[in-house]
Structures are given as C-alpha cells and as structure tokens.
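# Understanding the architecture of this molecule
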Amino acid sequence: MNMYLKTTSAALVLLTSAAHAELNHGTPVENICATDKVAAKVSKTYQDVAGAPLPVVSRMTGQLEVHVATSIKDAVTVAVTPELTKRIWTTIDAWGADTYTNLVFTMGGKHVLDFRHKIPTREVDLDDGWLDIYADGGAGVHGHLWLDRVSTVVATEVPGKGDHNTRAISFYGPDGKLAIGVYSSISTKEVDQAAVDGFYKTREFLASLPQACK
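Each value, and the rule that gives it
- Residues numbered from 1 in each chain as written.
- Predicted model: local features only at pLDDT ≥ 70, side-chain atom pairs only at ≥ 80, totals over all residues.
- Heavy atoms only, no water.
- Helix = DSSP H or I, 4+ residues; strand = E, 2+ residues; numbered from the N terminus.
- Expected span 1.5 Å × (residues − 1).
- Buried < 20%, exposed > 50% of the residue type's maximum accessible area, 1.4 Å probe, protein only.
- Arc of directions from axis to C-beta.
- Contact = heavy atoms within 4.5 Å.
- Pairing = 2+ DSSP bridges.
- Axes fitted to C-alpha atoms, helices over the stretch in contact; angles between N-to-C directions.
- Core = buried A, V, L, I, M, F, W, Y, C linked by side-chain atoms within 4.5 Å.
- Salt bridge = Lys/Arg side-chain N within 4 Å of Asp/Glu carboxyl O.
- Parallel < 35°, antiparallel > 145°, perpendicular 65-115°, else oblique.
- Left-handed = near helix turned anticlockwise from the far one by under 90°.
- Nonpolar A, V, L, I, M, F, W, Y, C, P; charged D, E, K, R; others polar.
- Polar contact = N/O pair within 3.5 Å; in protein donor to acceptor, adjacent residues only side chain to side chain.

This next bit is on helix H2 (residues 36-48). A turn of α-helix holds 3.6 residues, and therefore any two residues three or four places apart point the same way. Here H2 contains 13 residues, and its C-alpha end-to-end distance of 19 Å stays within 8% of the 18 Å for a straight helix at 1.5 Å per residue. Within H2, burial applies to Val38, Val42, Thr45 and Tyr46. What you see down the axis of H2 is that its buried residues fit within an arc of 100°, all on one side. Looking at H2, the residues exposed on the side facing more than 90 degrees away from the buried face are Asp36, Lys37, Lys44, Gln47 and Asp48. Lining the buried residues of H2 we find helix H3 (54-61), helix H4 (65-69) and strand S9 (152-158).

Here it is as structure tokens:
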C-alpha cells in the first residue's frame, strides 16, 4: 500500500493505517538529488518514452522516483516541513475546485494508479498531522496526506510526444517514493488549461523557496 496517503472515492478505496505506515516507511534517502549518471540514464529513457509520467520512468530505469524527478531539466525541488506542505497544497487549491487534473500515486513505488479527477482541495486544518483534501465538494476523492512523511516536493515538466508537455507537482516521502503526483497535463491525454496555468503558478511559488538541488 501507499505509505503516506489515504484516499477514498466511489470507484476507489485505499486505506492505510498509521500503525502500518510507521512500521513500513522505508529507508530514508541520503541525497534526494540525482547524480549525473542517473540523470543521463533518465534522459536516455525519455528519448524512448517522451512525455511518460515519472513513475513509469522510475520503473523502467530502476531508480527511485525522486531521483527521476530531480534528473529533469529545470526541475524545482524543495525540502518541506508540514506547514510548507500545507502552503504548497493551498497553491494547488487555487487552480480551481472544478479544474481537472490527473492524480497519480503508487503503492510501494511499484503499482501505479492514474485517474482524471477534479482538484482535491484543502479542508479545515485539524492540526492532527494529516492534510485533508476532498474533491468535488466531498463527492469525489478524499485524501489524507501524512505530513510528517512528506519530505520533498518537486515541480517537473518533460517534453511530450502529444500536443503538450507532461507537467507535475509531486510529493515524496523520505524514502524517495511517491505519495501523490498532481499532473496538470500528460502529453497523450486531455488537458484542462486551467490546470496548466495553475501548475506554472505553483512552480513559481516553489522556485521562490530555497532549492534542495542546485
């Protein structure tokens, strides 16, 4: 199971207990920034799978996804605290509650789920260690992001083979595995321009913060 996110919807039920996650959160990554060798491998792979979401390239190369993300040219990488994660998600809220994105997450970094959905927006802050995000006025996806288990957020844009690039704001755990990726566009799929416009605003906010990878 994914170790940092709980989500529920009419079509999807993924539940993770805090106790299970506490015992299975993986080994922290010493350096979240990709080496030149890894970056070269990722770049070569993208020549064959232009526009592929990051988890696909992670699986193809055998690299942690955070290293795939930080390999991307002009990636914006920020080490986060719980409060900063909340602020970042607030900028995603601003994309618009009726804006469609592709939500991507993995279970153990291996099984990838990708579905088109309205933006899950922040709910009232209960200050209980979780970021509660509900979509479509509560009728859609319900997510609970375990804030202590989010350590890095990366904004990436990779050239696509379709009509547009693939753009994502990705949230990673200390072990370098994906908690959730909010994709404003995937090159081969339908795109909501409001999400693309929102992506650039969120990336601008991330770029204004101290960068984890120079």
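Below, the discussion takes up the sheet that holds strand S3 (residues 76-79). Taken in spatial order, the six strands of this open sheet run S3-S9-S10-S11-S4-S5, and their pairing is antiparallel. Both edges of this open sheet fall to S3 and strand S5 (111-118), since each of them pairs with a single strand only. Sheet twist, expressed as the average angle between the axes of neighbouring strands with direction ignored, equals 15°. As defined by bridge partners, S3 adjoins S9 across four bridges and the pair is classed as antiparallel. Within S9, the position partnered with threonine 77 by the bridge is valine 154. Strands in contact with helix H6 (residues 193-207) are S3, strand S4 (100-107), S9, strand S10 (166-172) and strand S11 (178-185); relative to S9, the strand with the most contacts, it is inclined by about 130°.

Turning our attention to the side chain of threonine 156. Inspection of the secondary structure assignment puts threonine 156 in strand S9. In this structure threonine 156 touches Leu54, Ala69, Ile72, Ala75, Thr166, Arg167, Ala168 and Phe199, once residues within four positions along its chain are discounted.

With 31 residues, the main nonpolar core has Ile169, Phe171 and Leu206 as its most contacted residues. Mapped by element, the contributors of at least two residues to this core are S3, helix H5 (82-93), S4, strand S7 (130-135), S9, S10, S11 and H6. Counting 23 residues, the second-largest nonpolar core is a separate cluster that includes Ile32, Tyr172, Leu178 and Tyr183.

Moving on: the pattern of salt bridges. Throughout the structure, instances matching the rule amount to nine salt bridges. A salt bridge links lysine 86 to aspartate 125; its shortest N-O distance comes to 2.7 Å. Here lysine 86, found in helix H5, pairs with aspartate 125, found in the loop between strand S6 (120-122) and S7; they are 39 residues apart in sequence, far enough to count as distant. What makes lysine 86 buried here is its relative accessible area of 4%. The salt bridge involving glutamate 157 is made with arginine 167; its shortest N-O contact spans 3.2 Å. Taken together, the positions of glutamate 157 in strand S9 and arginine 167 in strand S10 put the pair 10 residues apart, joining distant regions of the chain.

Another aspect to go through is the packing of H5 against H6. Here H5 crosses H6 at 155°, and the two axes come no closer than 8 Å. Viewed along their axes, H5 and H6 adopt a mutual orientation that is roughly antiparallel. Considering how the two elements wind past one another, H5 and H6 form a crossing that is right-handed. Contacts from Leu84, Arg87, Ile88, Thr91 and Ile92 of H5 reach H6 at Thr202, Phe205 and Leu206. Grouping the amino acids of the contact of H5 with H6 by side-chain chemistry returns five nonpolar, two polar and one charged.

So, about H6. Its 15 residues give H6 an end-to-end C-alpha distance of 21 Å, which sits within 8% of 21 Å, the value for a rise of 1.5 Å per residue. Buried within H6 we find Ala195, Val196, Gly198, Phe199, Thr202, Phe205 and Leu206. Elements in contact with the buried residues of H6: S3, H5, S4, S9, S10 and S11. The N-cap residue of H6 is aspartate 192: its side-chain oxygen and the backbone nitrogen of alanine 194 are 3.1 Å apart.

Residue placement: proline 28 occurs in the loop between helix H1 (18-23) and H2. Residues proline 28 and proline 174, 146 residues apart in the sequence, show an inter-C-alpha distance of 4.8 Å. In this structure proline 28 touches Pro174 and Asp175, once residues within four positions along its chain are discounted.

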